[in-house]
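# Working through the structure, step by step
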Amino acid sequence: MEELVPVSRQVIGGEEVFVVNARDLHRFLEVGKDFSTWIKDRIRKFGFVDGQDYVCIESLSSPSLGSSKARPQRIVEYFLTLDMAKELAMVERTERGRQARRYFIACEKELHRLQAQAKGRGLITESPLDQYLHGMDRDLIVRELRFLTEVQKTVPGMHENQAFLSALAYTELRLGIELTPLFPPEALALPCPHQEVELRPTDIARRFGVVYGSGKEDGATVNQILADLGFQTRTKGEPLDWTPTDKGWPFAVVKEVPNRSLKAGRTIRQLFWRIGVLECDGLRDALDRKGRERQARLALSRDRGQSALDLH
């Protein structure tokens, strides 16, 4: 039987079923509408239920290079049960729609026949790994992890090990299952080149005395200074709150770092700055001025506190 639309396995509603990617079906049907409009319209019009008739999976697209705001974009994939795929093919009322519907019916019969045959021979067994993954498609997980790792590598300043850890953390979060125990320790501790000191905004604040009245480092003010001087721009709601500009990228390093507030030791993406950025025109002077200003304010506050004590 000729493959018209690829069929794979996916967990929907806690049960592993055969599915098709809606993008593949949309492409085969040669629908006039763009994919996103088409699938959302069909779901709304015919009352398909998320987690029952289909499942949505977010992934990352490769970013457009050469832009100061180049970063991976989130895309949504829709995996449809064969019943939903048959119905979508039928309602198109085209020859390709009828062809796709007949194809899905034939796929169901063949897949059920093979399953019954394998079960009768005692060939279907669940390995410890399958049990750990709750029936999720291992090949799909590996493909997604490899794809996300390659996408993360395109982020300027992202080292190979950080790209892998970022992809792993995102996949774990999406699947709701820990994958790190499946990897040997050496796979989670890949070498990361450190050609020079890399600083967080709070590290820079500490160096220059840019602190709050409590003495805590004021990383927010450092971020604003970096933005005012054209090294980064605000991108609230994105994986990075601040994104380096063309001027900033040569000094920027993106890392996945542990976040103790998140479950299972998941990581967050954080922006570091190579120490060489401090030698750029204007930045050191701006930080020096802000540091002297804060230190003078602290000294004044201490003097006032001492005067109050003397009065008592």
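Quick note: structure is the one above.
The rules we used
Residue positions within a chain follow its written sequence, with the count starting from 1. Totals for whole chains, interfaces and linings use every residue, but because this is a predicted model, local features are given only for residues with pLDDT of at least 70 and side-chain atom pairs only at 80 or more, for both listing and counting. As a rule here, side-chain values cover all heavy atoms of the structure and leave hydrogens and water aside. The way it works is that DSSP assigns letters per residue, a run of H or I at least four long becomes a helix, a run of E at least two long becomes a strand, and they are numbered from the N terminus. Only protein chains enter the accessibility calculation, which uses a 1.4 Å probe. A residue is then buried if its area is under 20% of the maximum for its type, exposed if over 50%, and partly exposed in between. By the convention used here, residues are in contact when the closest approach between their heavy atoms is within 4.5 Å. Areas reported here follow the Shrake-Rupley algorithm with a probe of radius 1.4 Å; residue values treat only the protein chains shown as occluding. Put simply, a nonpolar core is a bunch of buried Ala, Val, Leu, Ile, Met, Phe, Trp, Tyr and Cys residues held in one set by side-chain atoms that sit within 4.5 Å of each other. Think of a polar contact as two N or O atoms within 3.5 Å of one another; within protein, one of them needs to be a possible hydrogen donor and the other a possible acceptor, and neighboring residues in sequence only count if both atoms come from side chains. Where helices are involved, their axes are fitted lines through C-alpha atoms of the stretch in contact, as for all axes, and angles between N-to-C directions lie from 0 to 180°. To sort the angles, those under 35 degrees are grouped as roughly parallel, those over 145 as roughly antiparallel, those from 65 to 115 as roughly perpendicular, and the leftovers as oblique. Residues are grouped as follows: Ala, Val, Leu, Ile, Met, Phe, Trp, Tyr, Cys and Pro are nonpolar; Asp, Glu, Lys and Arg are charged; every other residue, Gly included, is polar. A pair of aromatic rings is counted whenever rings of Phe, Tyr or Trp (Trp by its six-membered ring) have centres within 6.5 Å, and the orientation is called stacked for planes under 30 degrees apart, edge-to-face for over 60 and tilted otherwise. Geometrically, a charge over a ring is one whose NZ (Lys) or CZ (Arg) sits within 6 Å of the ring centre while staying within 35 degrees of the ring normal. We count a salt bridge whenever a side-chain nitrogen from Lys or Arg sits within 4 Å of a carboxyl oxygen from Asp or Glu.

## A short note on the overall build of the chain
Per the secondary structure count, the chain includes 10 helices and 9 strands. When the 312 residues of the chain are sorted by exposure, 42% land in the buried category. In the chain, 57% of the contacts between residues at least 6 apart in sequence involve partners at least 24 apart. When the accessible area of the chain is evaluated, it comes to approximately 18,100 Å², of which 51% is carbon and sulfur surface.

## Some words on the nonpolar core
Counting 25 residues, the largest nonpolar core has Leu25, Ile39, Leu80 and Phe104 as its most contacted members. For this core, the elements supplying multiple residues, two or more each, are strand S2 (15-21), helix H1 (22-29), helix H2 (35-46), strand S4 (73-81), helix H3 (82-91) and helix H4 (95-120). Broken down by element, this core gets its largest block of residues, 5 residues, from H3. Once residues lying within four places of it in the same chain are set aside, the contact partners of Phe104 are Val5, Val20, Leu25, Leu82, Ala85 and Lys86. Counting residues in each nonpolar core, the second largest holds 23 residues, with Val210, Leu240, Trp242 and Leu287 among its members.

## A look at helix H9 (residues 219-228)
Since the α-helix advances by 3.6 residues per turn, residues separated by three or four positions end up pointing in the same direction. Counting buried residues in H9 gives 7 out of 10 residues, a clear majority hidden from the surface. Looking at H9, one finds that the buried residues are Gly219, Thr221, Val222, Asn223, Ile225, Leu226 and Ala227. Among the residues trailing H9, Gly230 stands out with phi positive, at a value near 85°.

## Here's the deal with the side chain of Gln232
Tracing the chain through its elements places Gln232 in strand S6 (residues 232-234). In this structure Gln232 comes out as buried when scored by relative accessible area, which is 2%. Side-chain polar atoms of Gln232 contact the backbone oxygen of Asn223, separated by 2.9 Å. Filtering out sequence-adjacent residues up to four positions away, Gln232 remains in contact with Asn223, Leu226, Ala227, Trp242, Thr243, Pro244, Thr245, Leu271 and Trp273.

## A closer look at the packing of helix H8 (residues 201-208) against H9
Contact geometry of H8 with H9 gives a least axis separation of 8 Å together with a crossing angle of 100°. Overall, the two elements H8 and H9 adopt an arrangement that is roughly perpendicular. Where H8 abuts H9, its residues Pro201, Thr202, Ile204 and Ala205 lie against Gly219, Val222 and Asn223. Tallied by class, residues from the contact of H8 with H9 come to 4 nonpolar, 3 polar and no charged.

## Things to note about the packing of aromatic side chains
One pass over the structure, following the stated rule, counts 5 aromatic pairs. Relative to Tyr78, the ring of Phe35 lies with its centre 6.1 Å away and its plane at 65°, an arrangement referred to as edge-to-face. With Phe35 in helix H2 and Tyr78 in strand S4, the pair connects residues that are 43 residues apart, well separated along the chain. A residue is classified by how much of its surface remains accessible, and Phe35, at 10% relative accessible area, is buried. For Tyr78, a relative accessible area of 10% translates into the label buried. Here the aromatic rings of Tyr54 and Tyr78 are separated by 6.0 Å at their centres, their planes lie at 40°, and the arrangement is tilted. Taken together, the residues Tyr54 in strand S3 (residues 54-61) and Tyr78 in strand S4 connect sequence positions 24 residues apart. Three or more aromatic residues joined by ring pairs make a cluster, and in this case those are Phe35, Trp38, Tyr54 and Tyr78. Over the face of the ring belonging to Phe28 we find Arg96, whose NZ or CZ atom lies 4.1 Å from the ring centre. Residue placement shows Lys247 over the ring face of Phe231; its charged tip is 4.5 Å from the ring centre.

## Here we look at the packing of H1 against H2
Close contact between H1 and H2 brings their axes to 11 Å; oriented N to C, the two are set at 105°. Between H1 and H2, the crossing angle belongs to the class labelled roughly perpendicular. Of the residues in H2, those in contact with Ala22, Arg23, Leu25, His26 and Leu29 of H1 are Phe35, Trp38 and Ile39. The class makeup of the residues in the contact of H1 with H2 is 6 nonpolar, 1 polar and 1 charged.

## Let's talk about the pattern of salt bridges
Inspection of every chain in the model, using the stated rule, returns 17 salt bridges. Put simply, Glu77 and Arg23 hold a salt bridge, and the shortest N to O gap is 2.8 Å. Highlighted residues: Glu77 in strand S4 and Arg23 in helix H1, separated in sequence by 54 residues. The exposure class of Arg23 is partly exposed, given its relative accessible area of 26%.

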